[in-house]
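Each chain, letter by letter, is given below.
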Amino acid sequence: MLTKAIPASGEALPVIGMGSWITFNVGDDAGLRAQRVDVLRAFFDAGGAVIDSSPMYGTSEEVIGHCLARIESSRPLFAATKVWTPLQMFGPGQMEDSRAYWGIERFDLMQVHNLLNWDGHLETLREDKAAGRIRYIGITTSHGRRHRELERIMLQEPLDAVQLTYNIVDREAERRLLPLAAERGLAVIANRPFRRKQLFTLLARHPLPGWAAEIDCTCWAQVFLKFIVSHPAVTCAIPATSRVDHMQENMGALYGRLPDAALRARMVRDVEDL
Ligand SMILES: NC(=O)c1ccc[n+]([C@@H]2O[C@H](COP(=O)([O-])OP(=O)(O)OC[C@H]3O[C@@H](n4cnc5c(N)ncnc54)[C@H](OP(=O)(O)O)[C@@H]3O)[C@@H](O)[C@H]2O)c1
């Protein structure tokens, strides 16, 4: 199984995690909840650990808690969620609600969602970490938004992790943020690994290039994911899915060979040509 270490601690994480935006926002529907239990079980069965959510994702956190309660307790969960409220004073209550929804003792990683009131929430998170209520502190952005501001925060604040968008077509983070994360010893979680369905819409009709077999990929999903996690600064990618078969495909990227720098460059060229 492919793992990478969180630089701050050396703790190893499986390089493929799971996102939950939209896919786990299924409300009270018993049938859909039962399907998500199967998706999450497939995730753990394949060696997954990192689950990412947010209070912004509707009922996703409640549904994750529903699923976790129905899956054997030996799962090696690494629980990551976010604080997402304009006012610092509402942060602790929101995080406590999240903890109760998930049904866990504490979060491993708590992130400030989309930089919202980041200075206020980081103050709270530092206190929470010192008191042992959370293990790691992070901050998130996506879609290439506000990279300049994120860069400033990465330079000046003590963080353990950043979450940002990085995939084979959205590579802006390669210029400054990924090298900076490596320099500052920050874990990097890559969101939107498939640019929500778009990479499949653009590329899945093309046959897999010959080099896919060299990195043990049997489908485009694995090619997209292995491109991301083979970047030296990236710790894990968090694809989201509502389907067991897609989860199994995605978790295939947790095993086998990764591309080296030369093949990564070729992957970019070939994908741009398609
Ligand atoms: N600012 C932030 O903090 C922020 C912003 C964006 C995202 N995120 C996090 O990152 C996670 C991932 O990003 P995302 O959800 O936007 O998009 P994504 O993971 O790039 O794409 C999800 C989509 O891909 C499809 N999919 C998954 N596996 C597939 C496969 N093997 N074959 C074909 N289609 C597949 C899913 O459809 P099916 O359900 O049909 O499989 C779903 O529609 C989010 O869920 C969230 O946790 C964080």
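Structural data are supplied above this passage.
Presented here is an overview of the structure given in this document. No experiment lies behind these values; they were computed from the predicted model shown. (Residues numbered from 1 in each chain as written. Predicted model: local features only at pLDDT ≥ 70, side-chain atom pairs only at ≥ 80, totals over all residues. Heavy atoms only, no water.)

## Here's the deal with the site of the ligand
What surrounds the ligand is a group of 30 residues, the closest being D52, N114, T241, S242 and H246. At 2.9 Å, a side-chain N or O of E249 approaches a nitrogen atom of the ligand. Among the residues forming the shell around the ligand, the class breakdown is nine nonpolar, 13 polar and eight charged. (Near = heavy atom within 4 Å. Polar contact = N/O pair within 3.5 Å; in protein donor to acceptor, adjacent residues only side chain to side chain. Nonpolar A, V, L, I, M, F, W, Y, C, P; charged D, E, K, R; others polar.)

## Quick look at the sheet that holds strand β8 (residues 187–191)
Taken in spatial order, the seven strands line up as β3-β4-β5-β6-β7-β8-β9 in an open sheet, and their pairing is parallel. Of all strands in the sheet, those with a lone pairing partner are β3 (50–52) and β9 (236–237), marking the two edges. Bridge count for strand β5 (residues 107–112) against strand β6 (residues 134–140) is five bridges, and the pairing is parallel. Within the sheet, the bridge partner assigned to M110 lies in β6 and is I137. (Pairing = 2+ DSSP bridges. Helix = DSSP H or I, 4+ residues; strand = E, 2+ residues; numbered from the N terminus.)

## Some thoughts on the packing of helix α8 (residues 220–229) against helix α10 (residues 261–273)
At a minimum axis separation of 11 Å, α8 and α10 run at an interaxial angle of 130°. Of the possible angle classes, the one that applies to α8 and α10 is oblique. Handedness of the α8/α10 crossing: left-handed. Contact residues: W220, V223 and F227 in α8; R264, M267, V268 and V271 in α10. Considered class by class, the residues forming the contact of α8 with α10 number six nonpolar, no polar and one charged. (Axes fitted to C-alpha atoms, helices over the stretch in contact; angles between N-to-C directions. Parallel < 35°, antiparallel > 145°, perpendicular 65-115°, else oblique. Left-handed = near helix turned anticlockwise from the far one by under 90°. Contact = heavy atoms within 4.5 Å.)

## Structural notes on the pattern of salt bridges
The final tally for this structure, using the stated rule, is 19 salt bridges. Between R133 and D128 there is a salt bridge; the shortest N-O distance is 2.9 Å. According to the relative accessible area criterion, R133 is partly exposed, its value standing at 47%. Owing to a relative accessible area of 10%, D128 belongs among the buried residues under this scheme. A single salt-bridge network, built from bridges that share partners, covers R171, E174, R264 and E272. (Salt bridge = Lys/Arg side-chain N within 4 Å of Asp/Glu carboxyl O. Buried < 20%, exposed > 50% of the residue type's maximum accessible area, 1.4 Å probe, protein only.)

All quantities given are derived from atomic positions and should not be read as evidence of function.
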